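Reading the structure
Spelled out, the chains give:
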Amino acid sequence: MTIDLRSDTVTKPSGGMLQAIMSAQTGDDVYKEDPTANELEKRVAEFFGMDEALFFPTGSMANQAAIKLHTQPGEQLICDKWAHVYNYEGGGVSFNSGVSCKLVDGDRGIITAQQVEAHINPPDFYHSPLTSLVCLENTTNKGGGACYDIAEIESIKEVCDAHNLGLHLDGARLMNAIVATGQDPKRYGDIFDTVTLCFSKGLGTPLGTVLAGQKELMKNAIRVRKILGGGMRQIGFMAAAGLYALDHNVERLADDHKKALEIANVLSHALYVRKVEPTETNIVIFYLTEGFSEKEFMENLEKKGIRISDMGQGKLRIVTHLDYTDAMHEQFLSVLKSLA
Ligand SMILES: *Cc1c(COP(=O)(O)O)cnc(C)c1O
């Protein structure tokens, strides 16, 4: 038995999800004639109380499209130094939109309204790029699944409004945040101009991210998606997996969070662990005690059929997900204890 905890993207569709995929009604989505894709888009827009939504093959493409919708070449966006849009989308911000990033030194990927305000270039100072967008991430990936306090997001929105900036949310794991905090998804729809929601992470589908937004901005989204090569044909098969996930895989995220917390607790008592980051959702980030090698530690686990990921700078990451069963959890915890 392999226990793969590298990411929540390693899951395979369940029997029920495969059934939903196989019985999906489809059509050509480039003509907007795929009833299941249309239904998923409508459902996500309603979930956030937003005007419109559009299905994308990946979260990166949905973020990149959103950035394009909000900006003009030469402008600048503000994001945390660990942001996915800056670190893990292949430099797409500059490649696709000709935009630079002003990085904020946040706390576990979370930034404050005060920091945002301090990073805005004065709009009449024409030597600097014009600041036009703020990108937040919830939960934070590199920040270890940390969740925003919605009051802080509201303060950031006030700063954005005062300075005429767009506000985009990279919500790859927004559903984890919503389940962990009990926040109302409609508040996200109220605050943000655009929001992404990934289906291929904790929700367990093979692919797909939906970008939701307000009408005026979304007018051009389908054209930008086409330009990026993201117009797909009978994508209803994957949208059906998304609808299935909304019906079956949301509340169960709490179980991933519980398992992650139990792993964090065991690690925090292990002599080979120097520090475990606070664990709020399904990601555990920890550091080995001085003198222990990450490479050796991971090889040791690998021999026992357990895979985790190395994020560099001594940072090790474990991500729980719906294919990580109770039996695997028992085994993994006992391996962690035995290493001690
Ligand atoms: C996974 C992820 C994405 C999207 O990644 P894709 O692999 O392109 O679907 C975006 N933002 C964050 C924070 C992520 O963790």
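Residues numbered from 1 in each chain as written. Predicted model: local features only at pLDDT ≥ 70, side-chain atom pairs only at ≥ 80, totals over all residues. Heavy atoms only, no water.

Lining the immediate surroundings of the ligand are Thr58, Gly59, Ser60, Asn63, His84, Glu89, Glu137, Asn141, Asp170, Ala172, Arg173 and Lys201. In this structure, Gly59 approaches the ligand through a main-chain N or O atom, which is 2.9 Å from an oxygen atom. Taking Asn141, its side chain carries an N or O atom lying 3.1 Å from an oxygen atom of the ligand. The biggest single contributor to the shell around the ligand is helix 3 (residues 59-70), with three residues. (Near = heavy atom within 4 Å. Polar contact = N/O pair within 3.5 Å; in protein donor to acceptor, adjacent residues only side chain to side chain. Helix = DSSP H or I, 4+ residues; strand = E, 2+ residues; numbered from the N terminus.)

This paragraph deals with the pattern of salt bridges. Going through the model one piece at a time under the given rule, you end up with 22 salt bridges. Here Asp4 makes a salt bridge to Arg6, at a shortest N to O gap of 2.6 Å. Linking Glu46 and Lys42 is a salt bridge whose minimum nitrogen-to-oxygen distance equals 3.6 Å. Taken together, the residues span about one helical turn, with Glu46 and Lys42 both in helix 2 (residues 35-48) at a distance of four residues. Given a relative accessible area of 54%, Lys42 falls into the exposed group. (Salt bridge = Lys/Arg side-chain N within 4 Å of Asp/Glu carboxyl O. Buried < 20%, exposed > 50% of the residue type's maximum accessible area, 1.4 Å probe, protein only.)

The UniProt entry lists Lys201 under the feature "modified residue: N6-(pyridoxal phosphate)lysine" (unreviewed entry), expressed in the numbering used here. With respect to the secondary-structure elements, Lys201 resides in the loop between strand 7 (194-198) and strand 8 (209-213). What makes Lys201 buried here is its relative accessible area of 13%. (UniProt positions renumbered as here; feature names shortened; annotations may be inferred.)

For strand 5 (residues 131-137), the tally of buried residues reaches seven of seven residues, placing the bulk of the element in the interior. Bridge count for strand 3 (residues 76-80) against strand 5 is three bridges, and the pairing is parallel. Among the inter-strand pairings, Ile78 is bridged to a residue of strand 5, identified as Val134. Inspection of the sheet shows strand 5 paired to strand 6 (residues 166-170) by five bridges, in the parallel sense. Counted as the bridge partner of Val134 is Leu167 from strand 6. Taken together, strand 5, helix 7 (residues 150-162) and strand 6 form a β-α-β motif whose crossover is right-handed. (Pairing = 2+ DSSP bridges. Right-handed = clockwise from strand over helix to strand, strands pointing away.)

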